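Report on the structure
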Amino acid sequence: KKYFDNLYKPLISFVHDLPDNARILDIGCAYGFMLERFPQTFQKYGVDVSEHAIGIAKKRLPQAQFKVVQVEKGLPFAKNFFDLVICNDVLEHLEKPELLLKHVKTVLKPGGIFYVTTPNLNLIRRIFFAYADKMEHHISLMPHTKLLQMFNAAGFTVVNRWTFFHLYFYIPCNGDCGVESAVVARK
């Protein structure tokens with residue numbers, strides 16, 4: 001619970017600015033834990049590569065819509081459909097994470113918010129998390145600066161960015177010292 005609460009907190013001010021019936025997409029939604037933190041009036045959608053996870057998410061959040069999707073191949077939604085897209089701990093699993101940013105830009109409304117968290121490939125991560133990253137199939141790790149460059153290249157405007165530690169406590173960092181990266185951007 002606390003893990004997802006901490007990931008949600010940086011979005012609270014953006015969520016308050018959205019309409020009551022905002023459409024939100026959680027990419028890599030797993031069991032829907034992040035989606036349940038958003039207001040009940042939001043129209044909630046989730047996609048994940050795992051049929052098992054989607055099956056559980058459908059039972060946990062029957063009012064939401066879930067689909068099994070390979071996100072590098074595209075997102076099965078209309079253009080300019082979502083007010084907010086979140087993507088926590090997904091980019092590092094993709095062969096071409098820049099394709100996901102391209103697909104999100106298509107389904108996100110103009111001015112919409114895109115929130116991403118992913119591991120930050122810095123010296124601390126390379127020393128202490130190398131084995132875990134290998135076991136978790138993290139194939140597209142990148143430093144925080146490269147993540148920001150990828151957002152800029154995809155045509156997003158970064159409105160907030162930080163790195164953080166998220167083990168037992170959530171500790172945001174000024175600079176790039178945290179082992180996780182976070183970006184909030186607008187289309």
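These numbers were taken from a predicted model, which means no experiment stands behind them. Once a new chain begins, its residue numbering starts again from 1 and follows that chain's sequence as written. For this predicted model, a pLDDT threshold of at least 70 governs which residues receive local features, and a threshold of 80 or more governs which side-chain atom pairs are given and counted, while totals over whole chains, interfaces and linings are taken from all residues. Values shown for side chains rest on all heavy atoms present in the structure; no hydrogens or waters enter the calculation.

Quick notes on the sheet that holds strand E3 (residues 65-68)
Adjacent strands of a sheet pair through backbone hydrogen bonds, lying either parallel or antiparallel. Between any two strands, at least two bridges found by DSSP are needed for them to pair. Counting from the N terminus, the helices are the DSSP runs of H or I reaching at least four residues and the strands are the DSSP runs of E reaching at least two. The strand order across the open sheet built from eight strands is E3-E2-E1-E4-E5-E8-E6-E7, with neighbouring strands paired in mixed fashion. What marks the edges here is a single partner per strand, and that holds for E3 and strand E7 (170-173). For this sheet, the mean inter-axis angle between neighbouring strands, taken without regard to orientation, is 20°. Bridge count between strand E4 (residues 82-88) and strand E5 (residues 108-119): six bridges; the pairing is parallel. Paired with Leu84 across the strands is Ile113, a residue of E5. Where helix H3 (residues 51-60) meets the sheet, its contacts fall on strand E2 (43-48) and E3, and the angle it forms with E3 comes to roughly 170°. Angles run from 0 to 180 degrees between N-to-C directions of axes, and those axes are lines fitted to C-alpha atoms, restricted for helices to the stretch in contact. When checking whether two residues touch, look at their non-hydrogen atoms; a contact exists if any pair is within 4.5 Å.

Describing the nonpolar core
Only buried Ala, Val, Leu, Ile, Met, Phe, Trp, Tyr and Cys residues count toward a nonpolar core, and they belong to the same one when joined by side-chain atoms within 4.5 Å. To sort residues, take the accessible area from a 1.4 Å probe on protein chains only and compare it with the maximum for the residue type: under 20% means buried, over 50% means exposed, and anything in between is partly exposed. Ile27 and Phe114 are the most contacted members of the largest nonpolar core, which has 30 residues in total. If we skip the residues at most four places from it in the chain, Phe114 touches Val85, Cys87, Leu101, Val104, Leu108, Phe151, Phe156, Val183, Val184 and Ala185. Ranked by size, the runner-up nonpolar core spans 27 residues in total, among them Leu11, Phe14, Met34 and Ile86.

Looking at the layout of surface pockets
A 1.4 Å probe that fits but cannot get out identifies a cavity on a 1 Å grid over protein atoms alone, an open set with protein on both sides within 12 Å along at least five of seven lines counts as a pocket, and a residue lines either if it has an atom within 4 Å of a point. Grid points are joined across faces, edges and corners, and a volume is the space filled by probe spheres set on the points. Reported here for the largest pocket is a volume of approximately 800 Å³. Asn88, Asp89, Val90, Glu92 and His93 are, among the 36 residues lining the largest pocket, the residues nearest its centre. Broken down by secondary-structure element, the contributors of at least two residues to the lining of the largest pocket are helix H1 (2-8), strand E1 (23-27), E2, E5, helix H6 (130-135) and strand E6 (157-166). For the lining of the largest pocket, the leading source of residues is H1, giving three residues. Grouping the amino acids of the lining of the largest pocket by side-chain chemistry returns 20 nonpolar, seven polar and nine charged. Polar here means any residue other than Ala, Val, Leu, Ile, Met, Phe, Trp, Tyr, Cys and Pro, which are nonpolar, and Asp, Glu, Lys and Arg, which are charged; Gly is therefore polar.

Re helix H7 (residues 144-153)
A turn of α-helix holds 3.6 residues, and therefore any two residues three or four places apart point the same way. Within H7, the full set of buried residues consists of His144, Leu147, Leu148, Met150 and Phe151. Buried residues along H7 cover an arc of 155° about the axis, so they all sit on one side. Facing away from the buried side of H7 by over 90 degrees, the exposed positions are Gln149 and Ala153. Close packing links the buried residues of H7 with helix H4 (97-107), E5, E6 and strand E8 (180-186). After H7 finishes, the residue Gly155 shows a positive phi value of roughly 90°. The directions considered for the arc run from the helix axis to the C-beta atoms.

Examining the pairing of E6
In this sheet, E8 lies alongside E6 in antiparallel orientation, the contact comprising seven bridges. For Phe164, the partnering residue across the bridge sits in E8 and is Glu180. In sequence, E6 turns back onto E7 through a hairpin of three residues.

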